[in-house]
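Chain by chain, the residues run as shown.
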Amino acid sequence: MAMEEKERLRSPSVWLPRDPGEAVRLKEAFGGDAVYVAGSTLLRTQWEAGTAPVPAHLIDLASIPGLDRIEETDDGLVIGSLARLRDCAAHPAAAGKAPLLVSAVKAIAGASVRNQATLGGNVVYRVGDSMPALLALDAELIWHDGRTEETIGAAEWLAGPSARPGILTAIRLPDRESGMTSNRRRWFAFHKVGRREAFVPSLVTVAIAASVAPDGTIADIRIAAGGGQTVPRRLTDAERLLAGRIPDAELLEHVYDAALEQYAPAPDPFAADSYRKRTAANLIAAELWKSLREPDRAGKGDGDASESID
Ligand SMILES: Cc1cc2nc3c(=O)[nH]c(=O)nc-3n(C[C@H](O)[C@H](O)[C@H](O)COP(=O)(O)OP(=O)(O)OC[C@H]3O[C@@H](n4cnc5c(N)ncnc54)[C@H](O)[C@@H]3O)c2cc1C
């Protein structure tokens, strides 16, 4: 490698845009020679592993004021894309309105990485462990293409092409409790299974959110599964079976079969597809079974009782 090239790789130019429009204009000007940088935790692993080149230009999104906000609005909880995972996990509004997301975020990497990594970086990664929770919460992603903002559902975005012009500015979680009859409660479950207990990439990640009536009738249910390099997806067949029903052992057998059928994990060198499919289906059926056996827990909706993190 020429001396000049080595020098360039050692010291890429760092750009500090003041607004999304400037960030996008920089990217348009430098094209493939530039990347957006948030916490840089994922980018650095790619650069070190040689799976992505160190570009000549880094566009540091942390310089844009307000992108790290976390706030309750009339449209729900809005989390800026530059909000660090640590702050998402600790923020009272997130704990109150999105305990499922808090559970997912706490299961990502270790504290040192969470201090640096952002929720937006995890979303743009597409296979990040927050994504199943965001799908279960019916999250909306707010993008800025340099001129205007566009809001797109997380599921719709995942179904589209991975490269998208512009930057992700925020993640919005619609408030599902407004309009809900007072005797219904939100219920959720989250599981991440890896090759050891913690600080490990996922093999399977499962998230469920629903509202539950006092008699156990389930409504407004979303089930999502991902893990490893699997782009997370909603398991809509299992959802349809459960909507408007009180789960019993027989129904859960059908839910298990539907999840087994619809969950399609990407190949993983550490675990067979069949193991990961059975794991996802088992976790979903087991969580629903627990909600049935412990209806008072399901009805709390405070996130502690029904939450579980592996
Ligand atoms: C030791 C270690 C353990 C890890 N464990 C996990 C884990 O358990 N689960 C998990 O999901 N991940 C894990 N990761 C991966 C990574 O840390 C997280 O996914 C993190 O959330 C990425 O966020 P970031 O801010 O660091 O992203 P960055 O590295 O800054 O960016 C990631 C990608 O997103 C793009 N990008 C970032 N923000 C935006 C934006 N707002 N708009 C447009 N593009 C953007 C970047 O250009 C880049 O392509 C781990 C990483 C390390 C180093």
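Residues numbered from 1 in each chain as written. Predicted model: local features only at pLDDT ≥ 70, side-chain atom pairs only at ≥ 80, totals over all residues. Heavy atoms only, no water.

Chemist: Would you explain the side chain of Arg276 in this entry?
Modeler: Secondary-structure assignment places Arg276 in helix α13 (residues 273-293). Buried charge Arg276 goes without a salt bridge, the closest partner of opposite sign being Asp273 at 4.3 Å. A polar contact is formed between the side chain of Arg276 and the backbone oxygen of Ala266, at a distance of 2.5 Å. Residues within four places of Arg276 in sequence aside, it is in contact with Leu203, Val204, Gly227, Gly228, Thr230, Tyr263, Pro265, Ala266, Pro267, Asp268 and Ala271. (Helix = DSSP H or I, 4+ residues; strand = E, 2+ residues; numbered from the N terminus. Buried < 20%, exposed > 50% of the residue type's maximum accessible area, 1.4 Å probe, protein only. Lys, Arg positive; Asp, Glu negative; His and termini not counted. Salt bridge = Lys/Arg side-chain N within 4 Å of Asp/Glu carboxyl O. Polar contact = N/O pair within 3.5 Å; in protein donor to acceptor, adjacent residues only side chain to side chain. Contact = heavy atoms within 4.5 Å.)

Chemist: Could you clarify how one ought to interpret the sheet that holds strand β3 (residues 57-60) in this entry?
Modeler: If you trace the three strands from one edge of the open sheet to the other, you get β1-β3-β2, paired in parallel fashion. Each having just a single partner strand, β1 (13-15) and β2 (34-37) make up the two edges of the open sheet. Across the sheet, the mean angle separating the axes of adjacent strands is 25° when strand polarity is ignored. One ladder, built from three bridges, connects β1 with β3; its direction is parallel. (Pairing = 2+ DSSP bridges. Axes fitted to C-alpha atoms, helices over the stretch in contact; angles between N-to-C directions.)

Chemist: What's the story with the site of the ligand in this structure? I'm lost.
Modeler: Close to the ligand lie 28 residues; Tyr36, Gly39, Ser40, Thr41 and Thr118 are nearest. A distance of 3.1 Å is found between an oxygen atom of the ligand and a backbone nitrogen or oxygen belonging to Ala109. Taking Leu168, its main chain carries an N or O atom lying 2.9 Å from a nitrogen atom of the ligand. Taken by itself the ligand offers 970 Å² of open surface, and the protein chains cover 85% of this. Of all the secondary-structure elements, those providing two or more residues to the shell around the ligand are β2, α3 (41-49), α8 (119-124) and β8 (167-173). For the shell around the ligand, the residue count by class is 17 nonpolar, nine polar and two charged. (Near = heavy atom within 4 Å. Areas by Shrake-Rupley, 256 points an atom, 1.4 Å probe, with all protein chains shown as cover. Nonpolar A, V, L, I, M, F, W, Y, C, P; charged D, E, K, R; others polar.)

Chemist: Where do I start with unusual backbone geometry in this structure?
Modeler: Glycine aside, the phi torsion of most residues is negative, and most peptide linkages are trans. Positive phi outside glycine occurs at Ser40, with the angle close to 70°. Position of Ser40 among the secondary structure elements: in the loop between β2 and α3. Of the residues examined, Ser40 reaches a relative accessible area of 17% and is grouped as buried.

Chemist: When you look at the packing of aromatic side chains in this model, what are you seeing that I'm missing?
Modeler: The geometry of an aromatic ring pair is captured by two quantities: the separation of the ring centres and the angle between the planes. Scanning the entire structure with this criterion turns up two aromatic pairs. Centre to centre, the rings of Trp15 and Phe30 are 5.2 Å apart; their planes meet at 40°, and the pair counts as tilted. Linking Trp15 in strand β1 with Phe30 in helix α2 (residues 20-30), this pair joins segments that are 15 residues apart in sequence. Classification of Trp15 as partly exposed rests on a relative accessible area of 33%. Taken together, a centroid distance of 5.6 Å and an interplanar angle of 40° make the contact between Trp143 and Trp157 tilted. Within this pair, whereas Trp143 is found in strand β6 (residues 140-144), its partner Trp157 is found in helix α10 (residues 154-159), the two being separated by 14 residues in sequence. Assessed through its relative accessible area of 3%, Trp157 is described here as buried. For the cation-ring pair, Arg126 lies above Trp157, with the distance from its terminal atom to the ring centre recorded as 4.7 Å. (Phe/Tyr/Trp six-rings, centres within 6.5 Å; stacked < 30°, edge-to-face > 60°. Lys NZ or Arg CZ within 6 Å of the ring centre and 35° of its normal.)

Chemist: It is not clear to me how a negative patch on the surface should be interpreted in this structure. Could you clarify?
Modeler: A surface patch of negative charge is lined by Asp248, Glu250, Glu253, Asp257 and Glu261. Topologically, Glu250 is positioned in helix α12 (residues 249-262). (Patch = residues over 30% accessible without salt bridge, like charges linked within 9 Å, V, L, I, M, F, W, Y side chains within 5 Å. Charge placed at Lys NZ, Arg CZ, Asp CG, Glu CD.)

Chemist: So what exactly am I meant to see when it comes to the confidence of the model for the protein here?
Modeler: Taken as a whole, the protein shows an average pLDDT of 90; of its residues, 88% reach a score of 70 or greater. Within the model, the stretch residues 297-310 combines pLDDT values under 50 with 30 contacts to residues more than four positions away or in other chains. (pLDDT = per-residue confidence, 0-100.)

Chemist: Help me understand the side chain of His144 in this model?
Modeler: Of note, His144 is situated in strand β6. Judged by relative accessible area, His144 falls into the buried class, the value being 14%. A polar contact is formed between the side chain of His144 and the backbone nitrogen of Gly146, at a distance of 3.0 Å. Leaving out residues up to four positions away in the same chain, His144 has contacts with Pro20, Gly21, Val24, Glu149, Gly166, Ile167 and Thr169.

Chemist: Mind showing me how you'd approach the pattern of salt bridges here?
Modeler: Pairs may arise between side chains of opposite charge once their charged atoms sit close together. Inspection of every chain in the model, using the stated rule, returns 12 salt bridges. Notably, a salt bridge pairs Glu28 with Arg147, separated by 3.5 Å at the nearest N-O pair. With Glu28 in helix α2 and Arg147 in the loop between β6 and β7 (149-153), this pair connects stretches of sequence that are 119 residues apart. Accessibility expressed as a relative area gives 61% for Arg147, which makes it exposed. Residue Glu71 pairs with Arg69 through a salt bridge whose shortest N-O separation is 3.2 Å. Judged by relative accessible area, Arg69 falls into the partly exposed class, the value being 32%. Bridged by salt links that share partners, the residues Arg186, Asp220 and Arg222 form one connected network.

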